[in-house]
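Structural overview for review
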Amino acid sequence: MSDLLFGAVALMLVLEGLLPFLSPATWRRVFERATKLTDGQIRFVGLSSMVVGLLLLLLWY
């Protein structure tokens with residue numbers, strides 16, 4: 001189980017690193033927009049991301 005968790009974290013880091021590596025200017029603009037979001041909007045994005053991730057896990061297993 002720990003191997004699977006380690007692999008999942010490693011894959012997440014690779015995927016999150018793609019945009020800044022391939023297009024740093026776009027990543028900077030996205031990051032600047034994100035800093036202008038309210039706390040509620042950021043929480044909604046986080047919640048949505050968790051729900052989609054959980055649904056994908058449920059569908060996968």
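We now turn to the structure provided with this report. The structure displayed is predicted, hence computed values, not measured ones. (Residues numbered from 1 in each chain as written. Predicted model: local features only at pLDDT ≥ 70, side-chain atom pairs only at ≥ 80, totals over all residues. Heavy atoms only, no water.)

Let us now look at the overall build of the protein. Summing up its helical and strand segments, the protein has three helices and zero strands in all. Seen in sequence order, the protein has helices and strands lined up from the N terminus as α-α-α. Rg of the C-alpha trace for the protein: 14 Å, well past the compact-globule value of 10 Å for 61 residues, more than 25% over. Oriented by its inertia axes, the alpha-carbon framework of the protein measures out at about 35 × 30 × 20 Å. (Helix = DSSP H or I, 4+ residues; strand = E, 2+ residues; numbered from the N terminus. Rg over C-alpha atoms; globule rule 2.2 N^0.38 Å.)

The next subject is the layout of surface pockets. If you add up the space inside the largest pocket, you get close to 600 Å³. Contributing to the lining of the largest pocket are 15 residues, with A8, M12, G53, L56 and L57 lying nearest its centre. For the lining of the largest pocket, the secondary-structure elements that each account for two or more residues are α1 (2-22) and α3 (39-60). (1 Å grid on protein atoms, 1.4 Å probe; cavity = no way out; pocket = protein on both sides within 12 Å on 5 of 7 lines; lining within 4 Å. Points joined across faces, edges and corners; volume = space filled by probe spheres on them.)

Looking at the secondary structure, you find L22 in helix α1. Considered as a pair, L22 and V52 are 30 residues apart in the sequence and their alpha carbons are 25 Å apart.

Axis separation between α1 and helix α2 (residues 24-35) bottoms out at 5 Å; the angle between their running directions is 115 degrees. When the interaxial angle is binned, α1 and α2 end up roughly perpendicular. Residue-level inspection shows L19, P20, F21 and L22 of α1 in contact with α2, the latter providing P24, T26 and W27. For the contact of α1 with α2, the per-class residue count stands at six nonpolar, one polar and no charged. (Axes fitted to C-alpha atoms, helices over the stretch in contact; angles between N-to-C directions. Parallel < 35°, antiparallel > 145°, perpendicular 65-115°, else oblique. Contact = heavy atoms within 4.5 Å. Nonpolar A, V, L, I, M, F, W, Y, C, P; charged D, E, K, R; others polar.)

The next subject is a nonpolar patch on the surface. Residues M1, L4, L54, L57, W60 and Y61 make up a contiguous nonpolar surface patch of roughly 850 Å² in combined accessible area. If you tally residues by element for the nonpolar patch, the top one is α3, at three residues. In this structure, M1 sits in the segment before α1. By relative accessible area, M1 is classed as exposed at 83%. (Patch = residues over 30% accessible without salt bridge, like charges linked within 9 Å, V, L, I, M, F, W, Y side chains within 5 Å. Areas by Shrake-Rupley, 256 points an atom, 1.4 Å probe, with all protein chains shown as cover. Salt bridge = Lys/Arg side-chain N within 4 Å of Asp/Glu carboxyl O. Buried < 20%, exposed > 50% of the residue type's maximum accessible area, 1.4 Å probe, protein only.)

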